Amino acid sequence: MDESSFDNLKTGDYSQNPREQVRYAGQLSAVRFLDPTDRIDAQKLKQTITNPNVQHWMSDLNMNEADFVAWMQEQGSTPNRRHYLFAVSGSQRTKPEDIGEIQGFIYFYSSSEEKLQAQKLIDAGILTPDDLEQKRLLEISYAKSPDSPPGRITGGIMQSCLEVSKIMQRKSDTDPENILVLAYIDPENTNSIRAVEAAGFDEIGSIASYGDEIVPNKVFRLNWDKLHKNLQSAAFRSLT
Ligand SMILES: CC(C)(COP(=O)(O)OP(=O)(O)OC[C@H]1O[C@@H](n2cnc3c(N)ncnc32)[C@H](O)[C@@H]1OP(=O)(O)O)[C@@H](O)C(=O)NCCC(=O)NCCS
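Residues numbered from 1 in each chain as written. Predicted model: local features only at pLDDT ≥ 70, side-chain atom pairs only at ≥ 80, totals over all residues.

Student: Give a description of the site of the ligand that names residues and reports values.
Tutor: Around the ligand sit 25 residues, and of these Trp-57, Thr-154, Gly-155, Asn-191 and Ala-198 come closest. Taken together, the elements giving at least two residues each to the shell around the ligand come down to α2 (52-57), β5 (136-144), α6 (153-168), β6 (179-185), α7 (190-199) and α8 (224-239). No other element matches α7, which puts five residues into the shell around the ligand. Split by residue class, the shell around the ligand holds twelve nonpolar, ten polar and three charged. (Near = placed C-beta within 6 Å. Helix = DSSP H or I, 4+ residues; strand = E, 2+ residues; numbered from the N terminus. Nonpolar A, V, L, I, M, F, W, Y, C, P; charged D, E, K, R; others polar.)

Student: Give a description of the environment of Met-72 that names residues and reports values.
Tutor: Tracing the backbone through its elements, the reader meets Met-72 in helix α3 (residues 65-73). Overall, Met-72 belongs to the buried group, with 21 C-beta atoms counted inside 10 Å. Considered as a pair, Met-72 and Gln-169 are 97 residues apart in the sequence and their alpha carbons are 22 Å apart. (Buried ≥ 20, exposed ≤ 12 C-beta atoms within 10 Å, placed from the backbone.)

Student: An account of unusual backbone geometry is requested, with residue identities and associated values reported.
Tutor: Unlike most non-glycine residues, Arg-93 shows phi in positive territory, near 45°. Topologically, Arg-93 is positioned in the loop between β3 (81-89) and β4 (102-110). Exposure remark for Arg-93: the 10 C-beta atoms within 10 Å place this residue in the exposed category.

Student: Account for the packing of α6 against α7, with residues named and values stated.
Tutor: For the pair α6 and α7, interaxial distance at closest approach is 8 Å and the crossing angle is 45°. When the interaxial angle is binned, α6 and α7 end up oblique. Along this stretch, α6 crosses α7, giving a crossing that reads as right-handed. Contact with α6, carried on its side by Ile-153, Thr-154, Ile-157 and Met-158, involves Ala-195, Val-196, Ala-198 and Ala-199 of α7 and no other residues of that element. Class assignment for the residues of the contact of α6 with α7 results in seven nonpolar, one polar and no charged. (Axes fitted to C-alpha atoms, helices over the stretch in contact; angles between N-to-C directions. Parallel < 35°, antiparallel > 145°, perpendicular 65-115°, else oblique. Left-handed = near helix turned anticlockwise from the far one by under 90°. Contact = placed C-beta atoms within 7 Å.)

Student: Describe the packing of helix α1 (residues 39-50) against α3, listing the residues and the values that go with them.
Tutor: The geometry of α1 relative to α3 is characterised by a closest axis approach of 10 Å and an angle of 110° between their N-to-C directions. If you check the angle between α1 and α3, you find them roughly perpendicular. In the crossing of α1 with α3, the sense of the turn from one axis to the other is right-handed. For the pair α1 and α3, the contacting residues are Ala-42, Leu-45 and Lys-46 in the first and Phe-68, Val-69 and Met-72 in the second.

Student: Before we move on, can you summarise the pairing of strand β8 (residues 217-222) with the specific residues and values?
Tutor: With four bridges joining them, β6 and β8 adopt antiparallel strand pairing. Of the residues in β8, the one forming a bridge with Ala-183 is Phe-220. Here strand β7 (residues 201-207) runs beside β8; their pairing, made up of six bridges, is antiparallel. Each residue of the ladder has a partner; that of Glu-203, found in β8, is Phe-220. (Pairing = 2+ DSSP bridges.)

Student: How would you summarise α6 if you had to cite specific residues and measurements?
Tutor: An α-helical segment advances 3.6 residues per turn. Residues three or four places apart therefore align on the same side. A rise of 1.5 Å per residue sets the reference length of α6, with its 16 residues, at 22 Å; its end C-alpha atoms lie 22 Å apart and thus fit the reference within 8%. Those residues of α6 not exposed but buried are Ile-153, Thr-154, Gly-155, Gly-156, Ile-157, Met-158, Gln-159, Ser-160, Cys-161, Val-164 and Ser-165. (Expected span 1.5 Å × (residues − 1).)

Below is the structure:
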């Protein structure tokens, strides 16, 4: 049997030992890392990625079970690569059995490929050289699970951005948010554009090619001030 097949992953009784997750005040869903040892997480991730609506907008998604397990395991940061895979997980206004379970994912990643892509933005005058020299780069990508309620991913993006900035903080950081988070989105993907804009991203331009894609992508950049304001007003609304 393939060592990396989902059959080798464990299952837990989460009604007795709830999954650990973080939810900011006023948010419907929580966020947490995916658990690479957990079969339900792996199955949910696969179900999300193989959903035709997600396949339509995301490229290079021909993955087998071993690829999913490897993706879930590869969490963290090395000198030339960063990779954080968060679950958007059930919390408020959800069935008791869905609390802690995956409603979608938020993926942050950065390697030499993403740096090269960002260099094209500098060449096009969309970013400044300082942006790349001074800040740590992350690209973001996300998707909603097919059977999850809508309206959870924006909160997931906001909360996971804050969690990622906490994880990436270094002792020497004067600004813990000197992290450049970019999203490249097909201009026809209006659901995705609505979600990042609602989370606090600004459209900063358009780039003719992303990888092998021919259609120009819109480029969005996280505006940390907007994200904080959004989270604060959601927290405030929940108290009044
Ligand atoms: C893109 C995608 C994740 C959006 O899912 P969604 O459920 O529509 O997204 P959200 O959960 O954020 O909901 C968006 C709406 O909720 C609002 N919203 C939800 N939570 C919010 C929050 N916490 N604060 C503020 N606004 C919020 C948004 O303003 C938006 O409102 P509108 O639809 O009335 O304009 C989903 O369509 C999908 O999986 N698409 C396929 C994969 C994909 O395209 N990924 C992106 C590749 S770049």
